[in-house]
Amino acid sequence: MPSCVPSAPGLETPGASIGPDEVAEAMTWPGIIGLGEMMNFPGVFLGDEKMHAEMAATMAARKVVGGHYASPDLGRAFHGYVAGGPADDHEGTRLEDAVARVRQGMKAMLRYGSAWHDVAAQVKAITDLGLDGRNFILCTDDSHSGTLVGEGHMDRVLRHAIAEGLPPVTAIQMATLNTALHFGVERDLGSITPGRLADIVITGDLSALPIELVIAHGQVLAENGRILVDIPPYSYPDFAVGTVKLGKRLEAGDFNIRVKVDEVPGSRFQVPGEERSSLAPVRVIGVVENQAPTRALEAALPVVDGVIGMDAAADVCQIALVERHRATGKVVNGFVSGFGFNVPCAVASSVAHDSHHMIVVGTDKGDMARAANRLGEAGGGVVVFREGREIALVELPIAGLMSNERAEVVAAKAERMVAAFAECGCTLHNAYMQLSLLALVVIPELRISDRGIVDVRSFEVVELVAI
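Read on for a plain summary of the structure. (Residues numbered from 1 in each chain as written. Predicted model: local features only at pLDDT ≥ 70, side-chain atom pairs only at ≥ 80, totals over all residues. Heavy atoms only, no water.)

Applying the stated criterion across every chain, the model contains two cavities of 30 Å³ or more. Glu12, Leu321, Ala352, Ser355, His356, His357, Ala439, Ser449 and Asp450 are the residues that line the largest cavity. Its residues assigned to classes, the lining of the largest cavity shows three nonpolar, four polar and two charged. Taken as a whole, the second largest cavity spans an internal volume of roughly 30 Å³. Every residue along the wall of the second largest cavity is listed here: Val287, Val288, Gln291, Ala292, Pro293, Thr294, Gln434, Leu437, Leu438 and Arg447. (1 Å grid on protein atoms, 1.4 Å probe; cavity = no way out; pocket = protein on both sides within 12 Å on 5 of 7 lines; lining within 4 Å. Points joined across faces, edges and corners; volume = space filled by probe spheres on them. Nonpolar A, V, L, I, M, F, W, Y, C, P; charged D, E, K, R; others polar.)

As structure tokens, then:
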């Protein structure tokens, strides 16, 4: 059951909200095994009543409280967070993160998703330091369809963990039995033993892990890469579609960032000899390759006729968050670095964890408007525009988050989308995953929300112009 909707109260406006009453009800539903990702970590260690009431309802139902501690601080704040109730965490990126979590009684979830490559550093807690592998779990977190269809899901993580030095049987245990034990479902899942559900993968090589036969609930589902059963389409309810509500047709001017130069003192703002041009010191969200955290950067950007411009040569382009739940027409603008876009282009996504407004990043404001409007027409998804032309689209009409097409169809569109990023100059390993997290206002250091630029180190909205 989701725990933090919104992820950080006061820093974003979600399309709905979840509180202790909803959590308590959900704990009575079949199939609910716990409370997901308690990402409001300051709320936990500072005693927020709502967060603690949600955890109390979960523990009263004898379910597991999932963790999401995205801070590098392993001191008092971390200890307070663990004491609050979260029993696992997948946000570690360093060896010391894995060690700290298991030594405090948590299960360290080592993550290897499409863009988050956190296994290699943390698995050394087992391979080098000799910590007990029973306290570790392998996971993916975010993986897009291209990864799932082309490379695999948990089998991909297993291959990677084994390549990093884990014994194959230990790695398999960390993906199966450890997980079932942690979530209290070991009576049904997690081991090939009498009385358990027959979910089995047959492979002829414990290191390379070719998937030769797949059995689920006692039925053979796939063999040698071929699905052997029919998967009928699911009929989604009407309320799950038509959720991207922009309120108006966006134009290039909606992405102008205006500033009054004469209101900002200091020589940092002046360019000698230019009457209508100056430099503005602005905060910039710095994307980190293969990592969920960002860096808090600054850049001096040109101001012409009161509008702050981009600096493509320095890899600083524009980012915008477009409100899409209540049709307010609100656009919040900022700057981002790390995508490497070097042509007039824009990308937009209605997958923007966790409030899932629309994120738009680009070097051309006309293309930014085109991308946002296109997703409004499509009902959500991910789109790439280059020089005024649409070059990739993945439609996600179900809540603006999911597709109703077959996995292989979505994967082909996703691969085209990844290639389109590269055609715009992007060199990030998986730029779409980086894009989708830039509004998650509980992961340091800088993010963007419908309230403005958020400094997650201090949990406050800050001015874009860094005076």
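Further notes follow.
Glancing now at the nonpolar core. Soluble globular proteins: nonpolar side chains tend toward being buried together. Counting 51 residues, the largest nonpolar core has Ile308, Phe339, Phe341, Val361 and Phe421 as the members making the most contacts within it. Element by element, the count of residues in this core is highest for strand β10 (residues 277-287), at five residues. Non-local contacts of Val361, meaning those with residues more than four positions away in its chain, are made with Cys317, Gln318, Ile319, Val336, Phe339, Phe341, Ala346, Val347 and Leu435. Judged by nonpolar contacts, the second largest core, of 37 residues, contains Leu35, Met38, Tyr81 and Ala100. (Core = buried A, V, L, I, M, F, W, Y, C linked by side-chain atoms within 4.5 Å. Buried < 20%, exposed > 50% of the residue type's maximum accessible area, 1.4 Å probe, protein only. Helix = DSSP H or I, 4+ residues; strand = E, 2+ residues; numbered from the N terminus. Contact = heavy atoms within 4.5 Å.)

Ordered by their spatial adjacency, three strands build an open sheet running β3-β4-β5, and the pairing between neighbours is parallel. Bordering the open sheet on either side are β3 (88-89) and β5 (136-139), each of which pairs with just one other strand. Bridge count for β3 against strand β4 (residues 107-111) is two bridges, and the pairing is parallel. Across the sheet, Asp88 pairs through a bridge with Lys107, a residue of β4. With respect to the sheet, helix α5 (residues 95-103) is in contact with β3, β4 and β5, its orientation differing from that of β4 by roughly 155 degrees. (Pairing = 2+ DSSP bridges. Axes fitted to C-alpha atoms, helices over the stretch in contact; angles between N-to-C directions.)

Approximately 720 Å³ is the volume found for the second largest pocket. Lining the second largest pocket are 31 residues, with Pro2, Val5, Asp354, His356 and Leu401 positioned closest to its centre. In terms of residue class, the lining of the second largest pocket is built from 13 nonpolar, 10 polar and eight charged.

In this section: the sheet that holds strand β6 (residues 200-202). A sheet is described by the order of its strands in space; here four strands give the open sequence β6-β7-β8-β9, paired in antiparallel fashion. The outermost strands of the open sheet, each flanked by one partner alone, are β6 and β9 (226-227). Here β6 pairs with strand β7 (residues 213-216) via three bridges, running antiparallel. The residue of β7 that forms the bridge with Val201 is Val214.

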